[in-house]
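Structural overview for review
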Amino acid sequence: MSINFSKKTVVSTKELFRQAEFDNILKCVHCGLCLESCPTYRELEDEKDSPRGRLYLMRGLWEGELELEQSVIDPLSRCLDCRACESACPSGVPYGELLEKTRGIILENTPQSLKERVLRNLLLKGLFRYTSMMIVASRILKIYAATGLPKLITKTFIGKLLPKSFVFQQHLLPNCSGESFKRKYADQILSPVFPEKTLHTTKIKKSKIRVGLFSGCIMDVSESAIHESTLTLLRHFGCEVVVPGNQGCCGALHVHSGDRKTAREFALKNLAAFEPRHFDAIITNAAGCGAQLKEYHHLFPDETNGGEQDWIGFENKVIDILEFLSRFPELLESLSWREDQDIVLYDAPCHLMHAQKVDENPRQLLNSLPGVKLVPLKESSWCCGSAGIYNLVQPDLSRDVLKRKTESVRQTLTENPKAKTIITGNPGCLYQIRAGIRSENIDLRVLHPAVYLVERLKILGTSDIPKIAI
Ligand code: SF4
Ligand code: SF4
């Protein structure tokens, strides 16, 4: 079988996949145990939109039995890349890696729609590459929010006159700061708050732990409370913190949409910024970014053009903030926490649970706070439908998946009516769940766990700690 799109030479799909190291697809024994955990299969009830169905399609392409035609590409595009199927699979099929490689081949060998080309060139290849442009975009959105237009559109009859997807996007808008977090702290060494106490309580042999803090692209200019709170926590846990000013976007959105070339560029930039031997750990507070940073080696299959770098050395240092803090229970206990009773709901981000395989420690950490009872959502491990820019490129299916999530929020809240907060550790999920809750008028605030932890922390004698705007 062969493909022949304009401006491309005729190449067999088998040939295209040969260089992609795809043998792991043979691990799939077609048992179907992953089907019941797949959000798109649950919504669409079509085998092609299940993990097994998509693996059949990918295998067909790999073996040259199928062509890169729309009926094959569409189900692969509808996948959320949530990787719940990986957690369910007893055979260890690396579904996410296979899908991302396939999407890379699709992008390089098929024409894109106008909408995709605009999104890709304006956002992924343009905006996310330049911090100055991100700051400008953040300022524009901040001014837009200050005009009150988003509220006018979502809360009055005006919204009824506009397309549903546009109204929903108003709920999705991030809380923009108009400034770059990494530029604010660029390359300063931010010292621990209680250096003596830290030395006294920690079992770590080293006198100082130095960590690098990853700030991302959208997060770098929005939801500033998340990064500020992460910084506060790290300093209270005795770390020296550095925010490298030359770091960039992790490239996750690019990899999920097939743009592996731009993602490689970002990977090399971040490797240089976080020269791993300078740090004991590289901290992330966005589950999606963390998963991507830990999988950079997938982008460099051979030992040329970046493949010779020490990706494993870098990846081994990357750790989510909650996983990191949970390693120091004695420090957690030594800090002073509020003790009033609070019930909080918890949603597990897919890329923390299914990609990074981190679930129990964050929940235990939050549950161990004095007075706090953590209640996971009824379907905490299911995707919320955010999935990078999925909510922009597949708005209908994304909204259907979100509807299930808001329903599970509603059910969990009915059983826990005193809860006022829901916590989730990925900004994409936070925006999406917050939008779902706002559009359904559910009375809950959605917080990142780092922000919640700082809210519970009694901060004493810390005049040098940055003020947190929540
Ligand atoms: S990644 Fe998620 S949406 Fe895609 S096949 Fe797996 S479970 Fe389904
Ligand atoms: S991906 Fe895993 S669980 Fe799903 S059909 Fe294949 S072997 Fe079975």
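Since the structure is predicted, the reported quantities are computational estimates derived from the model, not experimental observations.

Here's the deal with the overall build of the protein
- In terms of helices and strands, the protein carries 25 helices and 10 strands.
- In terms of overall dimensions, the protein is globule-like: its C-alpha atoms have a radius of gyration of 22 Å, near the 23 Å expected for 470 residues.
- Within the protein, buried positions represent 44% of all 470 residues.
- For the protein, contacts bridging at least 24 residues in sequence account for 78% of all contacts bridging at least 6.

Some remarks on the site of ligand 2
- The full set close to ligand 2 counts 15 residues, and Cys28, Cys31, Cys34, Cys89 and Ser91 are the nearest of them.
- Of all elements in the fold, only helix 3 (51-62) and helix 5 (84-88) reach the threshold of two or more residues within the shell around ligand 2.
- The biggest single contributor to the shell around ligand 2 is helix 3, with three residues.
- Tallied by class, the residues present in the shell around ligand 2 amount to 11 nonpolar, three polar and one charged.

Overview of the pairing of strand 3 (residues 209-213)
- Within strand 3, four of the five residues are buried, which leaves the element mostly enclosed by the surrounding structure.
- Here strand 3 runs beside strand 4 (residues 239-242); their pairing, made up of four bridges, is parallel. Bridge pairing in strand 4 links arginine 210 to glutamate 240.
- With three bridges joining them, strand 3 and strand 5 (residues 281-284) adopt parallel strand pairing.

Things to note about the pairing of strand 9 (residues 421-424)
- For strand 7 (residues 342-347) and strand 9, the ladder comprises four bridges, and the chain directions are parallel. Paired with tyrosine 346 across the strands is isoleucine 423, a residue of strand 9.
- Sheet analysis places strand 9 next to strand 10 (residues 445-447), joined by three bridges and oriented parallel. Counted as the bridge partner of threonine 421 is arginine 445 from strand 10.
- In this fold, strand 9 hands off to helix 24 (residues 427-439), which returns the chain to strand 10; that crossover is right-handed.

Observations concerning helix 23 (residues 395-415)
- With 21 residues, helix 23 should reach 30 Å at 1.5 Å per residue; the first-to-last C-alpha distance of 30 Å fits that figure.
- Listed in full, the buried residues belonging to helix 23 are Leu397, Ser398, Val401, Leu402, Lys405, Thr406, Val409, Thr412 and Leu413.
- Contacts made by the buried residues of helix 23 are with helix 2 (39-44), strand 7, strand 8 (372-376), helix 22 (390-393), strand 9 and helix 24.

Some thoughts on the sheet that holds strand 5
- Spatial ordering of the open sheet is given by 4-3-5-6, a layout of four strands whose pairing is parallel. Of all strands in the sheet, those bounded by a partner on one side alone are strand 4 and strand 6 (318-320). Recorded for the sheet is a direction-independent mean angle of 35° between the axes of neighbouring strands.
- In the packing of helix 13 (residues 224-236) onto the sheet, the strands contacted are strand 3, strand 4 and strand 5, and the crossing angle to strand 4 comes to about 145°.

Considering the domain arrangement of the protein
- Split by domain assignment, the protein resolves into domain 1 (2-111) and domain 2 (335-456).
- Put simply, the middle of domain 1 and the middle of domain 2, counted by C-alpha atoms, are 30 Å apart.
- Listed per partner, the contact involves 12 residues of domain 1 and 12 residues of domain 2.
- Among the secondary structure elements, those contributing two or more residues to the side of domain 1 that touches domain 2 are helix 2 and helix 5.
- Class assignment for the residues of the side of domain 1 that touches domain 2 results in four nonpolar, three polar and five charged.

Examining unusual backbone geometry
- You will see that glutamate 223, though not glycine, has its phi angle at about 45°, which is positive.
- Structurally, glutamate 223 can be placed in the loop between strand 3 and helix 13.
- Despite not being glycine, asparagine 441 has its phi angle at roughly 55°, a positive value.
- Mapped onto the elements, asparagine 441 comes out in the loop between helix 24 and strand 10.

Side note on the site of ligand 1
- Around ligand 1 lies a shell of 14 residues, among which Cys38, Pro51, Cys79, Cys82 and Cys85 are the nearest.
- Breaking the shell around ligand 1 down by element, the ones donating at least two residues are helix 2, helix 3 and helix 5.
- Counted by class, the shell around ligand 1 contains nine nonpolar, two polar and three charged residues.

Procedures and definitions
- Residues numbered from 1 in each chain as written.
- Chains lettered and ligands numbered in written order.
- Predicted model: local features only at pLDDT ≥ 70, side-chain atom pairs only at ≥ 80, totals over all residues.
- Helix = DSSP H or I, 4+ residues; strand = E, 2+ residues; numbered from the N terminus.
- Rg over C-alpha atoms; globule rule 2.2 N^0.38 Å.
- Buried ≥ 20, exposed ≤ 12 C-beta atoms within 10 Å, placed from the backbone.
- Contact = placed C-beta atoms within 7 Å.
- Near = placed C-beta within 6 Å.
- Nonpolar A, V, L, I, M, F, W, Y, C, P; charged D, E, K, R; others polar.
- Pairing = 2+ DSSP bridges.
- Right-handed = clockwise from strand over helix to strand, strands pointing away.
- Expected span 1.5 Å × (residues − 1).
- Axes fitted to C-alpha atoms, helices over the stretch in contact; angles between N-to-C directions.
- Domains from an automatic or database assignment.

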